[in-house]
Protein chains: 6
Amino acid sequence: MSVFQAPWYTPAVQRLLDLALEEDAGRGDVTSASVIDEGQEAEADIIARERLVVCGLGIAEAVFTRFDWRTRLRTRVADGDPVTPGTLVATVRGPAQALLAGERVALNFMQHLSGVATLTQTFVAAAEGAKVRVTDTRKTTPGLRALEKYAVRVGGGHNHRADLSSGILIKDNHVALVGSVREAVRRARANATHSLRIEVEVESMSELDEALEAGAEAVLLDNFATRDVGEAVKRVRERAPRTLVEISGGVTLDRMHELAKSGVDIISIGSLTHSARAVDLSMEVRPVVAGRMGAAER
Amino acid sequence: MSVFQAPWYTPAVQRLLDLALEEDAGRGDVTSASVIDEGQEAEADIIARERLVVCGLGIAEAVFTRFDWRTRLRTRVADGDPVTPGTLVATVRGPAQALLAGERVALNFMQHLSGVATLTQTFVAAAEGAKVRVTDTRKTTPGLRALEKYAVRVGGGHNHRADLSSGILIKDNHVALVGSVREAVRRARANATHSLRIEVEVESMSELDEALEAGAEAVLLDNFATRDVGEAVKRVRERAPRTLVEISGGVTLDRMHELAKSGVDIISIGSLTHSARAVDLSMEVRPVVAGRMGAAER
Amino acid sequence: MSVFQAPWYTPAVQRLLDLALEEDAGRGDVTSASVIDEGQEAEADIIARERLVVCGLGIAEAVFTRFDWRTRLRTRVADGDPVTPGTLVATVRGPAQALLAGERVALNFMQHLSGVATLTQTFVAAAEGAKVRVTDTRKTTPGLRALEKYAVRVGGGHNHRADLSSGILIKDNHVALVGSVREAVRRARANATHSLRIEVEVESMSELDEALEAGAEAVLLDNFATRDVGEAVKRVRERAPRTLVEISGGVTLDRMHELAKSGVDIISIGSLTHSARAVDLSMEVRPVVAGRMGAAER
Amino acid sequence: MSVFQAPWYTPAVQRLLDLALEEDAGRGDVTSASVIDEGQEAEADIIARERLVVCGLGIAEAVFTRFDWRTRLRTRVADGDPVTPGTLVATVRGPAQALLAGERVALNFMQHLSGVATLTQTFVAAAEGAKVRVTDTRKTTPGLRALEKYAVRVGGGHNHRADLSSGILIKDNHVALVGSVREAVRRARANATHSLRIEVEVESMSELDEALEAGAEAVLLDNFATRDVGEAVKRVRERAPRTLVEISGGVTLDRMHELAKSGVDIISIGSLTHSARAVDLSMEVRPVVAGRMGAAER
Amino acid sequence: MSVFQAPWYTPAVQRLLDLALEEDAGRGDVTSASVIDEGQEAEADIIARERLVVCGLGIAEAVFTRFDWRTRLRTRVADGDPVTPGTLVATVRGPAQALLAGERVALNFMQHLSGVATLTQTFVAAAEGAKVRVTDTRKTTPGLRALEKYAVRVGGGHNHRADLSSGILIKDNHVALVGSVREAVRRARANATHSLRIEVEVESMSELDEALEAGAEAVLLDNFATRDVGEAVKRVRERAPRTLVEISGGVTLDRMHELAKSGVDIISIGSLTHSARAVDLSMEVRPVVAGRMGAAER
Amino acid sequence: MSVFQAPWYTPAVQRLLDLALEEDAGRGDVTSASVIDEGQEAEADIIARERLVVCGLGIAEAVFTRFDWRTRLRTRVADGDPVTPGTLVATVRGPAQALLAGERVALNFMQHLSGVATLTQTFVAAAEGAKVRVTDTRKTTPGLRALEKYAVRVGGGHNHRADLSSGILIKDNHVALVGSVREAVRRARANATHSLRIEVEVESMSELDEALEAGAEAVLLDNFATRDVGEAVKRVRERAPRTLVEISGGVTLDRMHELAKSGVDIISIGSLTHSARAVDLSMEVRPVVAGRMGAAER
């Protein structure tokens, strides 16, 4: 099964790539243009500088190809591979100016996506042994949703709903406007497309009871204390055995092991995407001695 | 002086906003559409849940207005204001469906940008008393360059060059291809636009000497140990008093105080933009009792 | 509840609107520009020429506003209203050139969307009395998905999944590649986001049995003869009372009454969107006698 | 001569293709991603399920290529070929996930365009033997103008003016604002580019007389009864032998034979584009036994 | 009649405006941001520095509004007005930073478009008294077609065909491929839309004869010597009185008077658009003493 | 060193190319489509018709490739080569319809860019022997900034700052708002990124003194009389030997020799980009006898 299915082909990622190229190199690379011979060919190694899970090789290749269609990126590992410091991740060959102009954009993508994949992998590892899914949320960096959700999959996690159209999640704000969980669920069932399960966010045991009674197909325990989670799971299993139990809010690495053991089906974690730090990757360029290329005409 | 000058007006930010809206709400908000009455008016408070520096009110307003032009965002603080947990940051009023559909996109922007501003402010504070600039780098999240650089200014930092066209920085990769720092500087001086200062990255004292000799107008001490920084600054001041000294690489909060005292002019820090965690902001919606609005026709 | 939630605000619809304006009026309206006085103000009535369900007033308004921001569209009925021949649907006022230039684009949108709404309403009416949903499919006109799905709602129908990311539907082609319905369902359950129900398309009673056994949460009876539908429904109700039954393929108006009575939950009909004929709406322009407007500067 | 000249290359069609891909597969294909092995290669046959004129092979190929550049579409017939039920139209080979993700978008284009071509061919056939052009109008589906006009050519029809800039057509609304046909024609002659013929829409014999007197180079008989058409043609031939006669409005297949014999030069028919039903094409996928492909890096 | 009909509303001009803003101010205005107080309000006069015909006020207003929606442009003259050195053309008021950031883009548009209008007016004046149209060609600056054609109208000229779809012009290259003028005209008549007149470019008297015989509705005398033009016009008038005569190629101001008297219907001039020099307009900014504005939130 | 570094790859140039294709050929080429056989292959020569410096071969190739990916452009000279009338610049081979449809767009780009390169070369030649840079300004044609700046480099000139973010230039309007040159320079130094030199525009000797005193790193002598330039240069060299001297305003070819000898470092000339006339290039098409190509499917 393809857990990965990279989103490089989508118009949205192409547009983000345009933005990224424009904002850094849209008006040229003054340093390289003034310093490097246009005919100079070069080779560059992309190297991991810390322990990390690789993610984003496809978009890095797209970046370099945009600058000059003669560049070639040879991967040495694959997206999803865990690597150690010093590992050669990929080698790019082409006009030196294109390599230098593309370096930062390519690395910015890879460092962020590998950061997400690496953090995800850490949480997944902490849940090892438990039959639980680690998922992302909709708390993603604006414009990078598809890429970050891909990185979560690459890191061994699962995706929560893609957007507001591909999942029903009744939250406190909805209930505040509608009046009750029961009425909200009733309306969702009456109006929403049948392809979607109805999930309800609850903040207490009594809200949990209400949600189960209303027929929720999944419940999201929001910010439950670890000690209450087990009790909640037990209650769901007894009353509505097909209902899924998700927990979210304040999920840290420290709590992961205990939460995973609690029997919940899904642990969703916003920080996977909104607070992953960039991991360290660098690029080293060397001249190809015999390398002299003509100007690219296209 | 406007240190801020928000980039909301630029076509690039408008395009990013399009991407952000599309990826979350481009196919509608199934939950709200099926649960909330279309005529329901509501009010929502955006509230800080931790100590943070606010950033992104303008783009949050743009988000809500895109969903429905009748929404109104009233700011209670301004970009750059430090706030404490519980502070009411802004209130939005409009059709309930628009508020709910826009909530996540608006918060994703604000939590990330406020995160960058807050982290910047922490580094700036750590350098207090020293005559040194804290700046960002080009290590930004792809597509968010202008916004993140704005957030750095909002947090009290300065911007390094905007992109590859607005600054000359000769790095090890350039030197590896050209043969020497001297030759690289010569070429930059001969070919690059005169509007730009020539900065050279150095990794040792001997490279520093070479850069000064070549006439660098700024030097970037890359990954220098704290103890070597003072010596480097002294050498620059003696030999080339108008040359700026920047330090970068491995700059942590722990080292900030000492580095700031070392006499360097600029401390540039990649993590300000590539590794700032999202800060906690939430939105609480309540019905406006008498509020019933007709369908928006545009 | 908002069954409608018009998608005018989405970037995708804005882009389609751009395409529509460009392809008809992107290089100007030679006839009006050469014949009509620029200062002439006018008023135009949009009139139904047959029995139809109105749909698309919001986008018609957007069309005229794009040509000249001084135009004003006053609706006389609302999206979803059934009207008779001769009914005044809306009146537009503004510069005569803008009304004439926008006429065809506005009517092309309204005639198509009202056509979809009208056809949907006919199918919904044919199912009256039965507790069944009439839904669309993904067989929509390329580029018009959101608008056509809106028109289906306006006509009293429901939407099936919005796109390939917001619903799981295992079809014969998937089974052909995976080997069995059982294995396909197993993989979907293991890998796909938990927000989505798992639906399986079946073409015979034995495939239906297999799907139920595998745990399908919904089954799509594909091209079942009317006489077999009742039997299939009965079998599902007995074995898996929570499983939804959908029927699709060759659903004509003639069969609707009988199908609706058969007890299925959902009848999905491709022709609602891919084969609805345009309904007849026309626009009549008259001069506003005292009307003379200056040139619009923006 | 190229009657066809496919518009695939135009930026407008590329943008429509983007919209079509985004709206269906922009956030991935959850079913295929979770069910189908990423390395699985497959082959798919596109098959006609009814008698039809093929149209849209080029854009179908573009669709599959966008999902994965390794797909290959082999055409078995060409645009414009009439085929019978069961005819193999094309075979696509490539990664199974790409074939499944592209299926619906490709078929939606082909079913609509082949529908337009087929309907056009029916009208053209009904006019056989007469020296008359069957043309489309500007009543096209918003955003699909160029494609639908291509389909009309593919079906044996001709195109009327492409848009408001490539033909002058003075209609009742223009006359209502200007005061008389004579004045409208005078202004058009004085102001409009000389590359365009001046055509006038008339609704009665007396308006026809006025148009001829004013020097119309073509007249459009709007909604004329069949019995009046012959008389109108005769009058034009006598008084203005170089003036073209077009008829439009309420042109059904039943009337075509008689109208074609009436001696008019052009019969324009809105329903060719705005009301053609989708024809039936399907796609059948089968695994390529030995087929295992690596992940596409771009 | 509106000879002008400004194209500001078209998506194409909006996209060009985006490009123009991005390329100059997309990454901010470093000088103004660092030097000017954000709250400073200012007023700016746009002043003609030479004799010129004004063109482009609408797009100048759009430029400033994009930077800050609070700017207001008050026109003092209108597009098409001839002005003398020192004339105040418009006054803009708003935040000083927005005025300074928009100055160059607005002036670049106005100086170019006014340059085209002014040059056109000179040619039109040189043809005064003759019943001849001065038109542009398709030799326009890439991306500025609609704007430059508007400027030609503003300068008193007419437009030739808008693009390759809105006029038929058979040139030497077509004839070289088809074999003869006769065959080319025959094909055009058989295949092209009836809305378009058929024009043929000829380079000699014998080609002119052939074109007339083939039934050309307009002939383009390409690079004819002035002395041959009269003879050609005479021949056309005798043999095909309804055929239009256009002359193009090497049309300079010196030749205009004589060419205009020669009796041709149309003189088309590529240099109007491809070689008009920019005219001199400048902008002078002054502070509004009491002016202090808050930060714009959108 | 690459003085050239063509900007073809940038998203902005791709978007301009889209605009250029759409505005001329977006709705097809009616003449070629109706006259030329779709299977006809052809070859076309692009020929210089006057003495000029070639510029734009890369974008011409991109134009033809967009119409049909089977076209091949073979360059006979390179960007930057000076050629004489009659020189064969490039040969294009491909489907005749694609060559004819692309001809005008390709030539419009090349004639304009070669015009800029040629004019630049003339100014550079006039400065021969002097150690001075001839540069462009920001007075470029909207949307063509990157291309025109490339053409200036191709013609032997240098670029001034790329945009408002890549250079600091304090002008009279800034000083009018801030109060003094001294204060403006102080603010720029305090707030702007350190990568940029601070340049000040001066209009008199006293302003020059003030600028030097304030620490300007470059001064722009605006509209100085030729006789005053030498005096100004002398004063700068004495007081601030590292400060660059630029002259701008009213720089004509007549004055170039004298200005170049005056010792200034930079002469910037707006007319290079805003007023270069198009140079004469033409395209001649001939059939390839055996050439018959099938329809392109993509």
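The structure displayed is predicted, hence computed values, not measured ones.

J.: How would you explain the overall build of chain A if you had to name every residue and give the values?
T.: Assigned secondary structure in chain A consists of 11 helices and 12 strands. With the C-alpha coordinates aligned to their principal axes, the bounding extent of chain A is approximately 75 × 40 × 30 Å. The buried share of chain A, taken over its 298 residues, is 67%. A separation threshold of at least 6 residues defines the contact pool for chain A, and within that pool the share at least 24 residues apart is 73%. Counting only carbon and sulfur atoms, one obtains 49% of the accessible surface of chain A, whose full area is about 10,000 Å².

J.: Residues and numbers for the relation of the copies chain B and chain F, please.
T.: Note: a rotation about an axis with an accompanying shift along it relates these two copies of the chain. Superposing chain B onto chain F takes a rotation of 180 degrees combined with a translation of 0.0 Å along the rotation axis, leaving an RMSD of 0.0 Å. The two molecules are tied by a two-fold rotation axis, judged by turn and shift. A shared interface surface links the copies, since 100% of the contact residues of chain B are contact residues in chain F too.

J.: Lay out the interface of chain B and chain F in plain terms, naming residues and giving numbers.
T.: Contacts between chain B and chain F engage 27 residues on the former and 27 residues on the latter. Carbon and sulfur atoms make up 44% of the surface buried where chain B meets chain F, a total of about 2,500 Å² over both sides. Along the contact surface separating chain B from chain F lie two salt bridges. With a closest N to O distance of 2.9 Å, E217 of chain F and R197 of chain B form a salt bridge.

J.: Please set out the sheet that holds strand β8 (residues 198–202) of chain B residue by residue, giving values where relevant.
T.: Residue and element names in this part refer to chain B. Strand order in this open sheet of six strands is β6-β11-β10-β9-β8-β7, and the pairing throughout is parallel. Two strands bound the open sheet, and with one partner strand each, they are β6 (133–135) and β7 (168–170). Strand-to-strand twist of the sheet, defined as the mean angle between neighbouring strand axes without regard to direction, takes the value 25 degrees. Relative to strand β11 (residues 266–268), β6 runs parallel, the two sharing three bridges. The residue of β11 that forms the bridge with V134 is I267.

J.: Break down the packing of helix α1 (residues 11–25) of chain E against helix α4 (residues 96–126) of chain E for me, with residues and values.
T.: Residue and element names in this part refer to chain E. At a minimum axis separation of 9 Å, α1 and α4 run at an interaxial angle of 135 degrees. In terms of their interaxial angle, α1 and α4 are classed as oblique. The two elements α1 and α4 cross, and the hand of that crossing is right-handed. Here L16, L17, A20, L21 and D24 of α1 lie close against α4, whose contacting residues are R104, V105 and F109. Among the residues forming the contact of α1 with α4, the class breakdown is six nonpolar, no polar and two charged.

J.: Tell me about the pairing of strand β5 (residues 88–95) of chain D, residues and numbers included.
T.: Residue and element names in this part refer to chain D. The buried fraction of β5 amounts to six of the eight residues, a majority that puts the element mostly inside the structure. In the sheet, strand β1 (residues 40–48) pairs with β5 via seven bridges, with the strands oriented antiparallel. Across the sheet, E41 pairs through a bridge with P95, a residue of β5. Across four bridges, strand β3 (residues 72–75) lies against β5 in antiparallel orientation.

J.: Give a detailed account of the pattern of salt bridges, specifying residues and quantitative values.
T.: Counted according to the given criterion, the structure contains 138 salt bridges over all chains. Measuring nitrogen to oxygen at the nearest pair gives 2.9 Å for the salt bridge that ties D45 of chain D to R286 of chain D. Taken together, the residues D45 of chain D in strand β1 and R286 of chain D in strand β12 (residues 281–292) connect sequence positions 241 residues apart. With relative accessibility at 15%, the residue D45 of chain D sits in the buried group. Linked by salt bridges that have partners in common, E41, E43, D45, R93 and R286 of chain A make up one network.

J.: Before we move on, could you go through the pairing of strand β1 (residues 40–48) of chain B and cite the residues and values that matter?
T.: Among the nine residues of β1 of chain B, nine are classified as buried, and the element is accordingly described as predominantly covered. Judged by which residues are buried, β1 of chain B turns out to be covered on both faces: Q40, A42, A44, I46 and A48 of chain B on one side and E41, E43, D45 and I47 of chain B on the other are all buried.

J.: Provide a residue-level description of the environment of R227 of chain A, including the pertinent values.
T.: If you trace the backbone, R227 of chain A turns up in helix α9 (residues 226–239). The sequence separation of R227 of chain A and S268 of chain A amounts to 41 residues, and the corresponding C-alpha distance is 18 Å.

J.: Which residues make up the domain arrangement of chain A, and what values go with them?
T.: Along its sequence, chain A is carved into domain 1 (3–123 + 277–287) and domain 2 (167–269). In this structure, domain 1 of chain A and domain 2 of chain A have C-alpha centres spaced 40 Å apart.

J.: So what's going on with the sheet that holds strand β7 (residues 168–170) of chain E? Which residues, and what values?
T.: Residue and element names in this part refer to chain E. Judged by pairing direction, the sheet is parallel, and its six strands sit side by side in the order β6-β11-β10-β9-β8-β7 without closing on themselves. If you trace the sheet from one side to the other, it starts and ends with β6 (133–135) and β7, each paired once. The sheet shows a mean angle of 25 degrees between the axes of neighbouring strands, taken without regard to direction. Where strand β8 (residues 198–202) lies against strand β9 (residues 218–222), four bridges are found, and the strand directions are parallel. Looking at the pairing, E201 lines up with L220 of β9. Running over the sheet, helix α7 (residues 181–191) touches β7 and β8 and is turned about 160 degrees from β8.

J.: Please set out helix α4 (residues 96–126) of chain B residue by residue, giving values where relevant.
T.: The α-helix advances 3.6 residues per turn, and as a result positions three or four apart in sequence lie on the same side. Under the 1.5 Å per step criterion, the end-to-end length of α4 of chain B is 43 Å for 31 residues, consistent within 8% with the ideal 45 Å. The largest bend along α4 of chain B measures about 40 degrees and falls at E103 of chain B.

J.: Hey, could you go over the interface of chain A and chain B for me, with residue numbers and the actual values?
T.: Each partner contributes residues to the interface: chain A has 66 residues there, and chain B has 66 residues. Note on chain A versus chain B: buried area summed over both sides is about 5,400 Å², and carbon and sulfur give 59% of it. Broken down residue by residue, the surface that chain A buries against chain B is led by P142, L164 and L177 of chain A, which jointly contribute 13%. Run the count over chain A and chain B and you get eight salt bridges. The salt bridge partner of D163 of chain B is R27 of chain A, with a shortest N-O separation of 2.8 Å. Our count for the contact surface shared by chain A and chain B stands at 36 residue pairs in polar contact (both at pLDDT 80 or more). Every element with two or more residues in the side of chain A that touches chain B is listed here: α1 (11–25), α2 (30–35), β1 (40–48), α4 (96–126), β7 (168–170), α6 (172–178), α7 (181–191) and β12 (281–292) of chain A. It is α1 of chain A that contributes the most residues to the side of chain A that touches chain B, nine residues altogether.

J.: Could you give me a rundown of the packing of aromatic side chains, with the residues and numbers involved?
T.: All names here are of chain C. According to the stated counting rule, one finds 12 aromatic pairs over all chains in the structure shown. Aromatic side chains W8 and Y150 sit 5.1 Å apart centroid to centroid with 70 degrees between the ring planes, which places their arrangement in the edge-to-face category. Separated by 142 residues along the polypeptide, W8 in the segment before α1 (11–25) and Y150 in helix α5 (residues 145–154) bring together distant segments of the chain.

J.: If you had to explain unusual backbone geometry to someone new, which residues and values would you point to?
T.: All names here are of chain A. Positive phi outside glycine occurs at N223, with the angle close to 55 degrees. Residue placement: N223 occurs in the loop between β9 (218–222) and α9. Residue N223 is classed as exposed on the basis of its relative accessible area, which comes to 51%.

J.: Go over a positive patch on the surface, please, and point to the residues and values.
T.: On the surface, R189 and R242 of chain A together with R189 and R242 of chain C cluster together into a patch of positive charge. With respect to the helices, strands and loops of the structure, R242 of chain C is situated in the loop between α9 (226–239) and β10 (244–248).

J.: Run through the relation of the copies chain A and chain B, naming residues and quoting values.
T.: In screw terms, the move from chain A to chain B is a rotation of 180 degrees and a rise of 0.0 Å along the axis, fitting with an RMSD of 0.0 Å. A shared interface surface links the copies, since 100% of the contact residues of chain A are contact residues in chain B too.

J.: Describe in detail the environment of T252 of chain D, supporting the description with residues and values.
T.: All names here are of chain D. In this fold, T252 is placed in the loop between β10 (244–248) and α10 (253–261). T252 gets classed as partly exposed once you look at its relative accessible area, which sits at 37%. Between the C-alpha atoms of T252 and V202, which are 50 residues apart in sequence, the distance is 20 Å.

About the thresholds
- Residues numbered from 1 in each chain as written.
- Chains lettered and ligands numbered in written order.
- Predicted model: local features only at pLDDT ≥ 70, side-chain atom pairs only at ≥ 80, totals over all residues.
- Heavy atoms only, no water.
- Helix = DSSP H or I, 4+ residues; strand = E, 2+ residues; numbered from the N terminus.
- Buried < 20%, exposed > 50% of the residue type's maximum accessible area, 1.4 Å probe, protein only.
- Contact = heavy atoms within 4.5 Å.
- Areas by Shrake-Rupley, 256 points an atom, 1.4 Å probe, with all protein chains shown as cover.
- Least-squares fit on C-alpha atoms with pLDDT ≥ 70 in both.
- Buried area = accessible area lost by both parts, 1.4 Å probe.
- Salt bridge = Lys/Arg side-chain N within 4 Å of Asp/Glu carboxyl O.
- Pairing = 2+ DSSP bridges.
- Axes fitted to C-alpha atoms, helices over the stretch in contact; angles between N-to-C directions.
- Parallel < 35°, antiparallel > 145°, perpendicular 65-115°, else oblique.
- Left-handed = near helix turned anticlockwise from the far one by under 90°.
- Nonpolar A, V, L, I, M, F, W, Y, C, P; charged D, E, K, R; others polar.
- Domains from an automatic or database assignment.
- Expected span 1.5 Å × (residues − 1).
- Bend = angle between axes of the 7 residues up to and from the residue.
- Polar contact = N/O pair within 3.5 Å; in protein donor to acceptor, adjacent residues only side chain to side chain.
- Phe/Tyr/Trp six-rings, centres within 6.5 Å; stacked < 30°, edge-to-face > 60°.
- Patch = residues over 30% accessible without salt bridge, like charges linked within 9 Å, V, L, I, M, F, W, Y side chains within 5 Å.
- Lys, Arg positive; Asp, Glu negative; His and termini not counted.
- Charge placed at Lys NZ, Arg CZ, Asp CG, Glu CD.

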